Amino acid sequence: LVVSAALIILVFGVACGEPQPREFRIGLVAPLTGNIPEVGESTVNAASMIVDDINEAGGLDVSGEKYKVVLLVEDSEDKAEVSAGKVLALINQQDVAAIVGPQASRNAIPASAVAEQFKVPMISPWSTNPETTRNKKWVFRAAYIDAFQGRALAAFSRQRLHVETVTVAIDAASEYNKGLAEAFAT
């Protein structure tokens, strides 16, 4: 009888309490460990500041309804396979509405395939490889693509520095390096 009474009080106490704000869950995949942890740290700091500002202003307004923004951070470890796995986990286990990151093209390309498959919007802050968004409706980039950067660098070298001959040395394992070098050479 005591247990039943306690359960009734608990149920009515929860049901009669303040309504909980609805949540807008955003996944953030950033390299907190690996080769570029400073990139991940600054990304998380910036995203946290924006989320705090939105929530302090009453939340995100979606069609007149307020949502508390919840930021769910995952470490990509600056690895392609980990990045794709983290995006999958954010979608399937954390029920995110959108994903920010991964940053580097080498991580964003495989992660973008997962986001596209599950039709979850993803924006990479600085992936420059066109493969990140090629033939995708749900994936976006915020940075200029490699082809644009390579052409601009080549034009600067020729027009401003008056360089006619160059040698290009790259890290062939880096999608960014390869794409930029190809565009520069072309």
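Treat the numbers as computed from the prediction; the structure is a model and nothing was measured.

**Concerning the overall build of the protein**
Secondary structure summary: the protein contains 6 helices and 6 strands in total. Listed N to C, the secondary structure of the protein is α-β-α-β-β-α-β-α-β-β-α-α in terms of helices and strands. Counting the 186 residues in the protein, one finds 33% classified as buried. Summarising the internal contacts of the protein: among those between residues at least 6 apart in sequence, 52% fall at separations of at least 24. Carbon and sulfur atoms provide 59% of the accessible area of the protein, an area that totals close to 11500 Å².

**Thoughts on the environment of I54**
Looking at the element boundaries, I54 is found in helix α2 (residues 37–56). Between the C-alpha atom of I54 and that of Y67, which follows or precedes it by 13 residues, the distance is 9.5 Å. Beyond its immediate stretch of four places on either side in the chain, I54 contacts G59, L60 and V69.

**Let's talk about the environment of K119**
Relative to the assigned elements, K119 resides in the loop between α4 (105–118) and β5 (122–124). Residue classification places K119 among the exposed positions, given a relative accessible area of 55%. Through-space distance from the C-alpha of K119 to that of K136 is 9.5 Å; in sequence the pair is 17 residues apart.

**Focus: the packing of helix α3 (residues 80–92) against α4**
At a minimum axis distance of 7 Å, the contact between α3 and α4 shows a crossing angle of 30°. Classified by the angle between their axes, α3 and α4 sit roughly parallel to one another. The interaxial crossing formed by α3 with α4 has right-handed handedness. Of the residues in α4, those in contact with A80, S83, A84, V87, L88, I91 and N92 of α3 are R106, N107, P110, A111, V114, A115 and F118. Taken together, the residues of the contact of α3 with α4 sort by class into 10 nonpolar, 3 polar and 1 charged.

**Section: the layout of surface pockets**
Empty pockets left among the atoms are what a rolling probe the size of a water molecule brings to light. Volume-wise, the largest pocket comes out at about 220 Å³. If you go around the largest pocket, you meet 13 residues; those closest to its centre are A154, R158, V166, F184 and A185. Secondary-structure elements contributing two or more residues to the lining of the largest pocket are α5 (146–159) and α6 (175–185). By residue number, the principal contributor to the lining of the largest pocket is α5, which donates 5 residues. Here the lining of the largest pocket is built from residues that sort into 7 nonpolar, 3 polar and 3 charged. Computed from the structure, the second largest pocket encloses a volume of approximately 190 Å³.

**A word on the confidence of the model for the protein**
Scored by pLDDT, the protein has a mean of 89; 89% of the residues are at 70 or more. Averaged pLDDT values for the elements of the protein fall to 46 in helix α1 (residues 2–16) and rise to 98 in α3.

Conventions adopted
- Residues numbered from 1 in each chain as written.
- Predicted model: local features only at pLDDT ≥ 70, side-chain atom pairs only at ≥ 80, totals over all residues.
- Heavy atoms only, no water.
- Helix = DSSP H or I, 4+ residues; strand = E, 2+ residues; numbered from the N terminus.
- Buried < 20%, exposed > 50% of the residue type's maximum accessible area, 1.4 Å probe, protein only.
- Contact = heavy atoms within 4.5 Å.
- Areas by Shrake-Rupley, 256 points an atom, 1.4 Å probe, with all protein chains shown as cover.
- Axes fitted to C-alpha atoms, helices over the stretch in contact; angles between N-to-C directions.
- Parallel < 35°, antiparallel > 145°, perpendicular 65-115°, else oblique.
- Left-handed = near helix turned anticlockwise from the far one by under 90°.
- Nonpolar A, V, L, I, M, F, W, Y, C, P; charged D, E, K, R; others polar.
- 1 Å grid on protein atoms, 1.4 Å probe; cavity = no way out; pocket = protein on both sides within 12 Å on 5 of 7 lines; lining within 4 Å.
- Points joined across faces, edges and corners; volume = space filled by probe spheres on them.
- pLDDT = per-residue confidence, 0-100.

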